[in-house]
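# Examination of the molecular architecture
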Amino acid sequence: MVGVAVAAAALSGRFLIGAWNAFKARPPVPRMSRFHLGGFQPVMTRREAALVLDIKENAAMDKIKEAHRRVMVANHPDTGGSHYLASKINEAKDLLTRQTSASGTAL
């Protein structure tokens with residue numbers, strides 16, 4: 001009886017070691033990150049502003065305001081956020097609203 005238990009333990013250990021080695025050898029799967037990696041550009045572009053607010057570049061005015069509010073609540077300096085990030089968030093909103101409102105005028 002003891003011999004069967006030892007054989008079963010050895011067989012399961014061999015299987016587990018093989019499974020662990022196969023797991024370690026698998027190719028890495030690239031994962032999409034929700035966040036933009038890297039710093040800010042010297043002059044904010046429309047693309048960067050959309051990345052900061054996590055919206056599309058051609059988003060409507062109400063979506064821009066809603067995204068600004070959502071991101072600003074999470075990063076407001078009064079609640080422990082960074083003054084620098086708050087200024088970049090405001091700059092992104094200003095850039096997108098200025099270009100959105102300017103492109104929508106008939107004059």
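- Under an unreviewed UniProt entry, the name given to the chain is J domain-containing protein, and the organism recorded is Trapa natans.
- The heading Function (unreviewed entry) in the UniProt record of the chain holds the text "Component of the PAM complex, a complex required for the translocation of transit peptide-containing proteins from the inner membrane into the mitochondrial matrix in an ATP-dependent manner."

### Details of the nonpolar core
- Formed by 15 residues in total, the largest nonpolar core has its most connected members in Leu53 and Ile55.
- For this core, the elements supplying multiple residues, two or more each, are helix H2 (46-53), helix H3 (61-75) and helix H4 (83-103).
- When residues no more than four places from it in sequence are discounted, the contact partners of Leu53 are Ile64, Ala67, His68, Arg70, Val71, Ile89, Ala92, Lys93 and Leu96.

### Quick word on the pattern of salt bridges
- Across all of its chains, the model carries 1 salt bridge by this definition.
- In this structure, Lys88 and Glu91 form a salt bridge, with 3.5 Å as the shortest nitrogen-oxygen distance. Separated by 3 residues within a single helix, Lys88 and Glu91 lie in helix H4, roughly one turn from each other.
- Note on Lys88: relative accessible area 8%, which makes it buried.

Calculation criteria
- Residues numbered from 1 in each chain as written.
- Predicted model: local features only at pLDDT ≥ 70, side-chain atom pairs only at ≥ 80, totals over all residues.
- Heavy atoms only, no water.
- UniProt positions renumbered as here; feature names shortened; annotations may be inferred.
- Core = buried A, V, L, I, M, F, W, Y, C linked by side-chain atoms within 4.5 Å.
- Buried < 20%, exposed > 50% of the residue type's maximum accessible area, 1.4 Å probe, protein only.
- Helix = DSSP H or I, 4+ residues; strand = E, 2+ residues; numbered from the N terminus.
- Contact = heavy atoms within 4.5 Å.
- Salt bridge = Lys/Arg side-chain N within 4 Å of Asp/Glu carboxyl O.

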